[in-house]
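Here is how the chains run, residue by residue.
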Amino acid sequence: MVALEMIAEYPGMPRTPRPINRERELQQIRDAIQGQGLRVLCLRGKGGIGKTYLLQAILSWCQPGGEWHVPELLALSPQSLVDLYHTTYHTIPGLTEGLRQGLNAPEGSFQRFNEAYRDWQEKRFGLAGMLKELETLRGQIGETFLEDLNALSRSHRLVLALDTVERLMYEEDAVQRRLGLEPEGVDALQWLLKALPRMENTVVLLAGRPEAERLYGDLQSVLGERFVLIDLGPLDLKGTIEYLDAVAATLRQQGLAEQAERIALIPAEVREVIWRYTEGRPILLALVTDYLAVADSPPAWAKEPLDRVRSLEGEELKARREQVEADLVRFWRETARAADQAIYAMAWTRKGIAPDLVARIQGVDEGTARDWLETVSYTHLTLPTIYSV
């Protein structure tokens, strides 16, 4: 089955203007940003639960003119959210340069880092195979970045953000085996574990899945009370209703009155059935609203008698939910868009995707693969950036 988190909002439904039913989590993060010293907060939740959207919303509110902004606040831009899905950020030079670029700091803020980074770029190919020398250069990049970051934090409250942190802890995957690629190391992880405790007036926001328990344990060990895990669960019934209403309102604002009415007029009993079968998972709710954008009425399963749905439990309820999920994904696949082939490739590539890799997986020319990825990059995927060239 196509990985759900890869398709949640690709079909075309707009995002809600604000995250739904996350007031408690947002207040906890806002308190940390308004505080002092180092704070590292990690949003932990299953794929498609809304972690990336929450990070992007927070970063947008921290920008000049945003509702959380104050003069001394300097945060990554939402577009510069560092997504560790991409192996570009799995090295010390790649990660630190991504953070530097995203901060848009005052000119001269990272002078020592820039010099170390340029030195590494100039010498790395000439030092191929000289591991000790290369390690020394990477170490200088990491150290100068941290020094310059802390110097900047003495005049600004900094907000950094890393998404998909579980990608720092991967093993050889199916793509590597199929294409005969060698497993890659993640040297950025050890640098982070050493650098984070030394950061000063900075808030670091992380997002990852529950399976990265070892990473969360390591962060707790090195950071102590400065590290906070925030578990993101699915929406409750009230949150599900708010979500459907918010999507309808957004569609109206975009001039899509017909689609808006289809969602707004969903009866209360049908809304509860939708909630019970989707468990309030934002990813599935997005697919339900996408279905309603092209269908005259809710799917057949959503019109089952509420009393019967309420009576389901245990394995019977589990099986029914799995069938609903399969039906929603099948609907998405049957929309038959050319760029879907890129999504299918992305669904089983754990470490990022590029045109040449899509072309090899799908058996098409690289130009076609590039067109697919560019189409997908303009949609609201869980991944904010699909590929880099």
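Residues numbered from 1 in each chain as written. Predicted model: local features only at pLDDT ≥ 70, side-chain atom pairs only at ≥ 80, totals over all residues. Heavy atoms only, no water.

Q: Could you give me a rundown of the overall build of the protein chain, with the residues and numbers involved?
A: Looking only at helices and strands, the protein chain features 17 helices and six strands. Expressed as a percentage of its 389 residues, the buried residues of the protein chain come to 53%. Looking at the protein chain alone, contacts between residues at least 24 apart form 75% of all its contacts between residues at least 6 apart. With an accessible surface of roughly 18000 Å², the protein chain has 48% of that area assigned to carbon and sulfur atoms. (Helix = DSSP H or I, 4+ residues; strand = E, 2+ residues; numbered from the N terminus. Buried < 20%, exposed > 50% of the residue type's maximum accessible area, 1.4 Å probe, protein only. Contact = heavy atoms within 4.5 Å. Areas by Shrake-Rupley, 256 points an atom, 1.4 Å probe, with all protein chains shown as cover.)

Q: Which residues make up the pattern of salt bridges, and what values go with them?
A: This model, assessed by the stated rule, comprises 22 salt bridges. E242 is paired through a salt bridge with K238; the nearest N and O atoms lie 2.5 Å apart. On the criterion of helical spacing, the pair formed by E242 and K238 is a turn pair, its members being four residues apart in helix α9 (residues 237-253). Judged by relative accessible area, K238 falls into the exposed class, the value being 56%. E258 is the partner of R262 in a salt bridge, and the nearest nitrogen-oxygen pair spans 2.7 Å. (Salt bridge = Lys/Arg side-chain N within 4 Å of Asp/Glu carboxyl O.)

Q: Explain the side chain of D163 to me, and be specific about the residues and the numbers.
A: Residue placement: D163 occurs in strand β4 (residues 157-163). As a buried residue without a salt bridge, D163 has its nearest oppositely charged side chain in K51, at a separation of 6.3 Å. At a separation of 2.5 Å, a polar atom in the side chain of D163 contacts the side chain of T52. Every residue in contact with D163, bar those within four places of it in the chain, is listed here: T52, L55, L81, V82, D83, L84, Y85 and A207. (Lys, Arg positive; Asp, Glu negative; His and termini not counted. Polar contact = N/O pair within 3.5 Å; in protein donor to acceptor, adjacent residues only side chain to side chain.)

Q: Tell me what's going on with the confidence of the model for the protein chain, and back it up with residues and numbers.
A: Counting all residues, the mean pLDDT for the protein chain is 81, and 77% of those residues have values of 70 or more. Put simply, helix α15 (residues 340-347) is where the protein chain has its lowest mean pLDDT, 53, and strand β1 (residues 39-44) is where it has its highest, 96. Contacts of residues 1-12 to residues separated by more than four positions or lying in other chains number 52 contacts, the stretch itself having pLDDT below 50. Contacts from residues 181-185, a stretch scored under 50 in pLDDT, to residues over four places away or in other chains number eleven contacts. (pLDDT = per-residue confidence, 0-100.)

Q: Which residues make up the nonpolar core, and what values do they have?
A: I29, I33, I58, L95, L162, L205 and L206 are the most contacted members of the largest nonpolar core, which has 71 residues in total. Those residues in contact with L206 that sit more than four places away from it in its chain are V40, L41, C42, L43, L162, V165, L219 and F227. Of all hydrophobic cores here, the second largest spans 31 residues; its members include V270, V273, Y277 and L285. (Core = buried A, V, L, I, M, F, W, Y, C linked by side-chain atoms within 4.5 Å.)

Q: Which residues make up the packing of helix α3 (residues 92-103) against helix α7 (residues 187-195), and what values do they have?
A: Between α3 and α7, whose axes approach to 8 Å, the crossing angle comes to 60°. Judged on the interaxial angle alone, α7 and α3 are oblique. Note on element contacts: α7 touches α3 through D187, A188, W191 and L192, opposite I92, L95 and T96. Within the contact of α3 with α7, the residues separate by chemical class into five nonpolar, one polar and one charged. (Axes fitted to C-alpha atoms, helices over the stretch in contact; angles between N-to-C directions. Parallel < 35°, antiparallel > 145°, perpendicular 65-115°, else oblique. Nonpolar A, V, L, I, M, F, W, Y, C, P; charged D, E, K, R; others polar.)

Q: Describe the packing of aromatic side chains, and please don't skip the residues or the numbers.
A: Counting across every chain of the model gives nine aromatic pairs. Ring geometry for F113 and Y117: centres 5.8 Å apart, planes at 35°, overall tilted. Of the two residues, F113 and Y117 both sit in helix α4 (residues 111-123), four residues apart, roughly one turn of that helix. Each member of the pair, F113 as well as Y117, is classed as buried. Stacked on the ring of Y277, the Lys or Arg R320 has its end atom at 5.3 Å from the ring centre. (Phe/Tyr/Trp six-rings, centres within 6.5 Å; stacked < 30°, edge-to-face > 60°. Lys NZ or Arg CZ within 6 Å of the ring centre and 35° of its normal.)

Q: Hey, could you go over α4 for me, with residue numbers and the actual values?
A: Helix length check: α4 (13 residues) gives 19 Å between terminal C-alpha atoms against 18 Å at 1.5 Å per residue, within 8%. Along α4, the positions that sit buried rather than exposed are F113, A116, Y117 and W120. The arc enclosing the buried residues of α4, seen along the axis, measures out at 100°, which places them on a common side. (Expected span 1.5 Å × (residues − 1). Arc of directions from axis to C-beta.)

Q: Report on the environment of W301, specifying residues and quantitative values.
A: For W301, the location among the structural elements is in the loop between α12 (282-294) and α13 (306-311). The sequence separation of W301 and Y277 amounts to 24 residues, and the corresponding C-alpha distance is 8.7 Å. Once residues lying within four places of it in the same chain are set aside, the contact partners of W301 are V273, I274, Y277, T278, V288, R320, V324, D327 and L328.

Q: Kindly report on empty space enclosed by the protein, identifying the contributing residues and their values.
A: One pass over the structure, following the stated rule, counts two cavities of 30 Å³ or more. Empty space within the second largest cavity amounts to approximately 60 Å³. What lines the second largest cavity is simply L162, V165, L168, L189, L192, L193, L196, L206, L215 and L219. Going through the elements one at a time, α7 and α8 (213-223) are the ones with two or more residues in the lining of the second largest cavity. A per-element tally of the lining of the second largest cavity places α7 first, with three residues. Taken together, the residues of the lining of the second largest cavity sort by class into ten nonpolar, no polar and no charged. (1 Å grid on protein atoms, 1.4 Å probe; cavity = no way out; pocket = protein on both sides within 12 Å on 5 of 7 lines; lining within 4 Å. Points joined across faces, edges and corners; volume = space filled by probe spheres on them.)

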